[in-house]
Structure formats: C-alpha cells, structure tokens
Amino acid sequence: MPRDTRSTTDRIASIKNAKVIKSFCYTCPWTCPIDVFVRDGKIVYHKGNDAAPNNIGTRCAKGMASAWVTRDPDRLRNPLLRTNPKGEPGEFKRISWDEAFDFIAEKLNTIRDKWGPEAVVYLTHHDPNGIFMVQLISQLYGTPNVSIGHGSACEGDRRSACVTTFGHIFPMHDFANAKYALLWGMNVLGANQALFESRGLLEAKKNGCKLVVVDPSFTETAQKADEWIPIKPGTDAAMALAMSHVIVDERLYDAPFVNEFCEGFDGFRNHLRERGYTPEWAAPICGVDAQTIRRLAREFATTKPAISAIFKGSGYYTNGAAAGRACYLLDAITGQVDGPGNLHLQEFAPIGMPAKIPDEVIAKPNKPPLAHAMGYKMTAPTSYPVLPEIPNARLPDAVLNDNPYPVRGLFVHAANPVMSDPNRERMQAMFAGLDLAVAVEIYMSETALECDLVLPNTSFFEQAEIRQGLWLGAEAILGQPVVPPVGEAKPMYDIVKGIADRMGWGEYFDFEHWEDWAENRIENLPIGLGELKRSGIWAGDVHYNKLSKGLATKSGKVEIYSHAYADAGHCPYPEWQERSVIPDDDYPLQLTHSKLSMHCNIVTQNNPMLMEICGENWVEINRLDATRYGVSDGQMVILESPKDKIEIRAKIVEGLTPGAVSVRHGHGFGHWAMGSIAKGKGAHSNNLMDSHTNPFTGTSSYNECKLRIRPA
Ligand code: SF4
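In this text the structure is predicted, and so the values were computed from the model without any measurement. (Residues numbered from 1 in each chain as written. Predicted model: local features only at pLDDT ≥ 70, side-chain atom pairs only at ≥ 80, totals over all residues.)

(A) Region of the structure containing the overall build of the protein chain. A tally of helices and strands in the protein chain yields 23 helices and 27 strands. In terms of C-alpha radius of gyration, the protein chain reaches 25 Å, essentially the compact-globule figure of 27 Å for 712 residues. With the C-alpha coordinates aligned to their principal axes, the bounding extent of the protein chain is approximately 70 × 65 × 60 Å. Partitioning the contacts of the protein chain with sequence separation of at least 6, the portion at a separation of at least 24 is 74%. (Helix = DSSP H or I, 4+ residues; strand = E, 2+ residues; numbered from the N terminus. Rg over C-alpha atoms; globule rule 2.2 N^0.38 Å. Contact = placed C-beta atoms within 7 Å.)

Dropping the structure here:
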C-alpha cells in the first residue's frame, strides 16, 4: 500500500471532510498558532500548527478545550446599557449598537471638553486587537493613557528589570540550549509559560541540564528540578546579590564580556563589598544556608551556558524590582546575555498599524502618561521608563482624588480589574466615580457589572488579528475568523469603526473587510496576505549574540549600573530592602500565590471540560503549620487578613516554606457575575490584600499580605 505522504493536517481535514483555517489560540497571552477544522460553519476539530516554532503542533489543555467559547450559552450577545445607579450591582437593558456608539461618542466629547482627553483611559489585560483602540483613543482622541500589556497586574517588575538592564521589554528564554537553569519563583511547567520554553526546558534536562528552582513552593517545575531551594518569600534579591558577591569575589565573572558589553561592573563589585552582601549575610534573611548559596554561585558561574530567569514570582513584593535586577545581573556578569541557552533579546516582526492616520492628524497629548505623572517614571530623558504601563492599583487615585490629574472615562477590554487587581472595594468605588465606564467583554464579568455600558466582544475564533508571535525570532502570526460571531458580538475593529464614525474619524477606519486593514499591517513583511492565510505564521531567523549592535539602554550596553535609576536619584545597583508587610503574632502567615495550569484570565472558568479537571482552587499549607492551626487536609478554612477574609479549601503539603501559604489563583470568578458554570466555585484572594505597589514600577504587589487561618 503506498505511503500516505500528506501532512497530518491534510489527513485530518480529509477524514473530517473539513476546511482548514490557520489561526492562533488566544486563551492565554502565549498565542499558539493553530489549525482549525471547520465544516458547515462549525469547528469540528483543532490542533497546533505544525509549522509554528512557538508550539510545534502542541497546545496545552486550555487551548484544547477552547472551542467551547464559541458555543457557551453564557456569552454576552448584545450591547447592554445600565439602568440603575452606579455603585449598586448592575442592572442592564438591551440596546442597539447604534445607540451604544452614540452614547460613547457623546460621553467622550463631554469628557474631553470638561477634563481633557487624558481623562480617558484604555485598559486591557489581554489585548485582542487592542491596537485599534490605541489608534482611536490615543492617536486621534489624544489621551496618552493606553495600557495594553497588563504588566502592572502581572510581571511588570520583570519587564522593568528587562528594560532597565537590557533595553528590551520581553526577552524570551532559550532553555533548550542551557546546561544550567536557575529559576527564581518561575513555574514554567505549571503556569504554562510559552510552550516552546516548557518543551525546551524538558529537552535540556534530558540532555543533562541541571535545573535549580528557588521558590517557597514545591511547584510543578520544582518537582522536575535537580534541586529545590525553599527560600523565604520575598527574599530573592538577597540570595541573588550574595551569589553575585561570590562570583565577583572569586573572579568567576566573564571579564571580557563585562568590559565590552556591560556598564558599571567595577561599581557593582564595590557596591557588593561595601554593603556586605555575602552568603553569610544573606543566609538568615532568605533561609538558605551560606554554603548552599556559595555552591550554587560557583556552579552557575562555571557551567556554560547557564540562565538565571524570573517571571512573576520574584516580583509580587514591593522589593520585586530590585529582585528582578539582581537575578538578571547573574546572567550579565557571567557573560551569557543573548547567547544560546540564556535570555534571548528577540527581534520583532515589522508589523504596521492597521489604520493609516496622517502624522499631522495624530494628536499630541497635553499631559504626561499617568504611569509617569504618578511619579514612578525615572526622570532620565530616555525611551525606557521603569514602568511601561499604567499602575492599575493606583488608577483609583486619579478617578477618586484627581491625583495626579482627573480621569473620568475608562474602557476596560478583556480585563477584569475588579477581581484581578488588589483591593476590590477600591476598584468598585473607582468605577462608581467614572462618568463613562465601558466594558468590552465576552462574559458579564465582575468588572462589566460596574460599568455603564457592556459591549459583547467576539472570541478569537470569531475575529481576525495579526500580532507578534512569542518566540526566539521575529514572528508574525495571523488569526482568522473561523465561525460567525455569537449573537451580535463584534470584534474590536468594528467597535472602533462605529465609535470613529460618530467622532468624525470614520475615514481612517473605512475598512470593508478585515483583509483591508490586514494588508496595512503586513506591508513590511516579506510575505503576502494570501501566503500568510495559508501558513498562519511568518517567522524570521533566530539571531544570537546581538549585543555588539547596541542595546536600547542609555549606554547602549547591558546596564549593571542603571542610568534610569541613577538619573532619578536612586541607587543604580540593586539594593536589598525588606518587603512591606511582615507577618506578626496576630497574622502569622505570609500569603503567596501560584497559578493553576487549567485556568487563565476570564475565559476558562466557565468551560465545563476545564472545570471538570479543576473545578475549584485551594490554599496550600505546610503540614507543620496545618498542625499548629488545627487544619485538616481538604477542609474548608477561613483565610483572614487585616482587610478581609475568604473561605477556601485547604491542601496540606510538605513542599512549602513553613510560615507561608500558597493560594492557587485563577478561580473565584463568577460569584456575583454571570457564568453558570463558574458561579460559586473556589475563592479569590484579591480583596485580602491592600493596594501595595512596587515603588519603582507600580506593579501590584500581590504577596504583600499577612494572614491567619482557621477551620471554617
Ligand atoms: S499556551 Fe495553551 S492557552 Fe495559551 S495560547 Fe497556547 S494553547 Fe492557548
């Protein structure tokens, strides 16, 4: 029998009698390219795109279950206008899209006349086609306040460390080529980091890479590690600085590299010595003995290639920005940055703006962005603010106290700050204080319930999108609509078009089909739209060791000495500072968090398949603490902070630093919003904590919270 030489995709298409449409999964921000098999207007199968280096044919469980979103009866279907006063749980009536666009345009004009364009903010945690809103609300309306990367509610401290040290906002991790991987609070395998990174880490391990995980929790990644270092929460900076001390003191650093490519190595050596950041100093702070710190430092410096990597875990404290820099300086002084097996400063695909707006029409903002005006911006005249995005947790200051200037209008798109940001009550008060609050969402979220207007958004299966892929090389990925929208849901490009028409800017968004704006976005790519539709991706080559071309830092080098910090009057080197909230006799436990691999954002908690696998979250507690506080495994417990309390199931574990508890987050949504499957499942920790933010980056410090625990 002749061998079937067709691709897997073609064979499945033939078996399913289906058409294949290339797209990408946007259940989480890692955007894995996918093949979607469609028959009679319905998705009959979907799989990873075999040609995509991001995921090479694979997906995670969330991606596999994602088509549910196209048939979920709980989806928003029509525009809804609030009928009762703000501050009360929202009641809504159905309106037409024309009425919705008229309402928004009138409010935008009123706010601009009274408060100025900067009084309107666009906020998205997960930005499907957010670029259209950026063009409308920033380039035309004139606000500098668009936040499309959700950094301050996520890994903003890491981004800040990357920008100030490497002049790059989001380096990837080339784990596949590493021989030594030192991960700080980074649960690549449990939290579903980019799939090529997870796969690369496992392959590297098979090839002899030593994996060391520094984390208070024995996470999924720690369970695969050669060595787990159960550090005290919020003390990563101390241990990383002590490791640098050893490497510098024992001359294990890469002298040619630091001389040629780094700024400020000699000053850093003096800083470490003057501050006395030795392993003996760090040991009682971080709970890791001095011999272990010294041994790990030697191993790290003498095994090449090695990578010291962070994501969110080191950054959920008010000392998280310094921790990020301290962990990254290990990569710098050992001469590894951007080499195979280290942080990878990937290039970006030349994706253009969808609408062509003439330069003379583009508005010049009158006020600085909130992120700068709030005081976090380092004053250096550089292109790299320490905080690239609006600090969400401080947005209520602008709405409720006009600090640093008034904000009265807010578009919230694919974001749920009432649940996702610390201090829910203050977020709710903020929404009550707005003249215009618009939610663009696929479900009636807790945040949508606080808004004036709720607009039904299409899911990624129902809309087109072109964006950067997250991979080691430049990459453009294409999402295509594969099924019709649910109800009257619209993609962001049609919503922006409708508002722009009412505001007198319709000519810039005069697209008949999505292909019209797509052509604008890819005009500088070496691939046409037809070919991109057939392949789903365009990927450039991977280039290593690019530092000689210069970095986007003030010095053009890897900044061990940070000009951004120095120019703002701060120490240019990472310093050890204790976190803000320390447990005491009344509240003896430290809150920490880790993710659930089955859940992400607001799109998985109403998915029956994912909820069957993981239907509620829990708090992990060390057996010693469980015994001390009378907690049994599986029991419902009350977790109480000075601010609020929640009821959640307890899980007793051996692998957690005593004195800490770890809330697996990603649940507790839908308690009072719609979502028949999500409703009442699990607990959410955001109202336990106050609005602590990192003083340099504005990133929410989710772990700055002390607790006590008791059986419910
Ligand atoms: S990691 Fe999973 S949820 Fe995220 S984009 Fe890929 S398949 Fe989708």
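(B) Representation of helix α6 (residues 195–206). Its 12 residues place the ends of α6 17 Å apart at the C-alpha level, agreeing with the 16 Å of an ideal helix rising 1.5 Å per residue. Turning to α6, its buried residues are Leu195, Phe196, Glu197, Ser198, Gly200, Leu201 and Ala204. Its buried side turned inward, α6 meets β8 (172–173) and β9 (180–184). Phi for glycine 208, located one or two positions after α6, is positive at around 100 degrees. (Expected span 1.5 Å × (residues − 1). Buried ≥ 20, exposed ≤ 12 C-beta atoms within 10 Å, placed from the backbone.)

(C) Spatial organisation of the site of the ligand. For the ligand, the set of nearby residues contains 13 residues, the closest of which are Cys25, Cys28, Cys32, Cys60 and Gly63. Counted by class, the shell around the ligand contains six nonpolar, five polar and two charged residues. (Near = placed C-beta within 6 Å. Nonpolar A, V, L, I, M, F, W, Y, C, P; charged D, E, K, R; others polar.)

(D) A look at the nonpolar core. Among the nonpolar cores identified, the biggest contains 110 residues, and Met133, Leu136, Ile137, Phe411, Val438, Val454 and Val496 are the most heavily contacted of them. The leading source of residues in this core is helix α4 (residues 130–140), at seven residues. With 76 residues, the next largest nonpolar core counts Ile247, Leu296, Val558 and Tyr573 among its residues. (Core = buried A, V, L, I, M, F, W, Y, C linked by C-beta atoms within 7 Å.)

(E) Main features of the sheet that holds strand β24 (residues 636–640). The strand order around the closed barrel formed by six strands is β22-β26-β23-β25-β24-β27, and the pairing between neighbours is mixed. Taking each pair of neighbouring strands and ignoring which way they run, the sheet shows an average axis angle of 45 degrees. Note that strand β22 (residues 589–595) and strand β27 (residues 706–711) share two bridges and pair antiparallel. Bridge assignment links leucine 589 to a residue of β27, and that residue is leucine 707. (Pairing = 2+ DSSP bridges. Axes fitted to C-alpha atoms, helices over the stretch in contact; angles between N-to-C directions.)

(F) Layout of helix α17 (residues 424–432). Turning to α17, its buried residues are Arg424, Met427, Gln428, Met430 and Phe431. Down the axis of α17, the sector holding all buried residues measures 155 degrees, keeping them to one side. Elements that come into contact with the buried residues of α17 comprise α15 (395–401), α16 (417–420) and β16 (436–441). (Arc of directions from axis to C-beta.)

(G) Representation of unusual backbone geometry. In this structure, proline 305 follows lysine 304 across a cis peptide bond, with omega equal to -10 degrees. Asparagine 403 connects to proline 404 through a cis peptide bond whose omega is 10 degrees. Structurally, proline 404 can be placed in the loop between α15 and β15 (409–413). The phi dihedral of arginine 251 falls on the positive side, at around 55 degrees, and the residue is not glycine.

(H) Structural detail: the sheet that holds strand β3 (residues 42–48). Taken together, three strands build an open sheet; the order of strands is β1-β2-β3 and the sheet is antiparallel. The open sheet has two free edges, formed respectively by β1 (19–24) and β3, since each of these has just one partner strand. Going from strand to strand, the sheet's axes swing by 30 degrees on average, the running direction of each strand aside. With six bridges joining them, strand β2 (residues 33–39) and β3 adopt antiparallel strand pairing. Looking across to β3, one finds that arginine 39 is bridged to lysine 42. Docked against the sheet, helix α1 (residues 8–16) engages β1, β2 and β3, running at close to 20 degrees with respect to β2.

(I) Quick look at the environment of glycine 682. Within the element layout of this structure, glycine 682 appears in the loop between β26 (660–665) and β27. Spatially, the C-alpha atoms of glycine 682 and glycine 615 are 7.5 Å apart, while their sequence positions differ by 67 residues. Every residue in contact with glycine 682, bar those within four places of it in the chain, is listed here: Glu616, Asn617, His667 and Gly668.

(J) Looking closely at the domain arrangement of the protein chain. Looking at the protein chain, the domain boundaries give domain 1 (80–148 + 362–539), domain 2 (156–345 + 555–567) and domain 3 (589–711). A straight line from the C-alpha centre of domain 1 to that of domain 2 covers 35 Å. (Domains from an automatic or database assignment.)

(K) Fine view of the environment of leucine 189. Topologically, leucine 189 is positioned in the loop between β9 and α6. Judged by local crowding, leucine 189 falls into the buried class, with 21 C-beta atoms found within 10 Å. It is 8.8 Å that separates the C-alpha atoms of leucine 189 and arginine 199, two residues lying 10 residues apart in sequence. Setting aside anything within four residues of it in sequence, one finds leucine 189 in contact with Ser198, Glu220, Thr221 and Lys224.

(L) Inspection of the confidence of the model for the protein chain at higher detail. Averaged over every residue, the pLDDT of the protein chain is 93; the share at 70 or more is 97%. Residue range residues 378–385 is modelled with pLDDT below 50. Its contacts to residues more than four positions away, or to other chains, number 25 contacts. (pLDDT = per-residue confidence, 0-100.)

(M) Spatial organisation of the environment of glutamate 462. Take glutamate 462: it is sitting in the loop between β17 (453–456) and β18 (465–468). We classify glutamate 462 as buried; it has 20 C-beta atoms within 10 Å. The sequence separation of glutamate 462 and glutamine 480 amounts to 18 residues, and the corresponding C-alpha distance is 7.5 Å.

(N) View of the packing of helix α3 (residues 97–115) against helix α18 (residues 492–503). The geometry of α3 relative to α18 is characterised by a closest axis approach of 9 Å and an angle of 55 degrees between their N-to-C directions. Between α3 and α18, the crossing angle belongs to the class labelled oblique. Like other packed secondary-structure pairs, α3 and α18 cross with a definite hand, here right-handed. Contacts between α3 and α18 pair Trp97, Phe101, Asp102, Ile104, Ala105 and Leu108 from the former with Gly498, Ile499, Arg502 and Met503 from the latter. Classifying every residue of the contact of α3 with α18 gives seven nonpolar, one polar and two charged. (Parallel < 35°, antiparallel > 145°, perpendicular 65-115°, else oblique. Left-handed = near helix turned anticlockwise from the far one by under 90°.)

(O) Summary view of the pairing of strand β13 (residues 306–310). Counted residue by residue, β13 has five buried out of five residues, so it is predominantly covered. On β13, burial covers both faces: Ala306, Ser308 and Ile310 on one face and Ile307 and Ala309 on the other are all buried. Here β9 runs beside β13; their pairing, made up of five bridges, is parallel. Residue pairing across strands places alanine 181 opposite isoleucine 307, the latter belonging to β13.

(P) Representation of the packing of α4 against α18 within the structure. Two numbers describe how α4 lies on α18: the axes approach to 8 Å, and their chain directions differ by 15 degrees. Taken together, α4 and α18 sit at an angle that is classed as roughly parallel. Where α4 crosses over α18, the two elements pack in a sense that is right-handed. Taken together, the residues of α18 that come into contact with α4 (itself represented by Gly130, Phe132, Met133 and Leu136) are Met492, Tyr493, Val496, Ile499 and Ala500. Residue composition of the contact of α4 with α18, by class: eight nonpolar, one polar and no charged.

(Q) How the structure looks around the pairing of strand β10 (residues 210–214). In terms of residue burial, β10 counts as a mostly covered element, since four of its five residues are buried. Strand direction decides the pairing type here: β9 and β10, joined by five bridges, are parallel. Bridge pairing links leucine 183 to valine 213 in β10. Crossover handedness for the path β9 to α6 to β10: right-handed. Strand direction decides the pairing type here: β10 and strand β11 (residues 227–229), joined by three bridges, are parallel. By the bridge assignment, valine 213 is partnered in β11 with tryptophan 228. (Right-handed = clockwise from strand over helix to strand, strands pointing away.)

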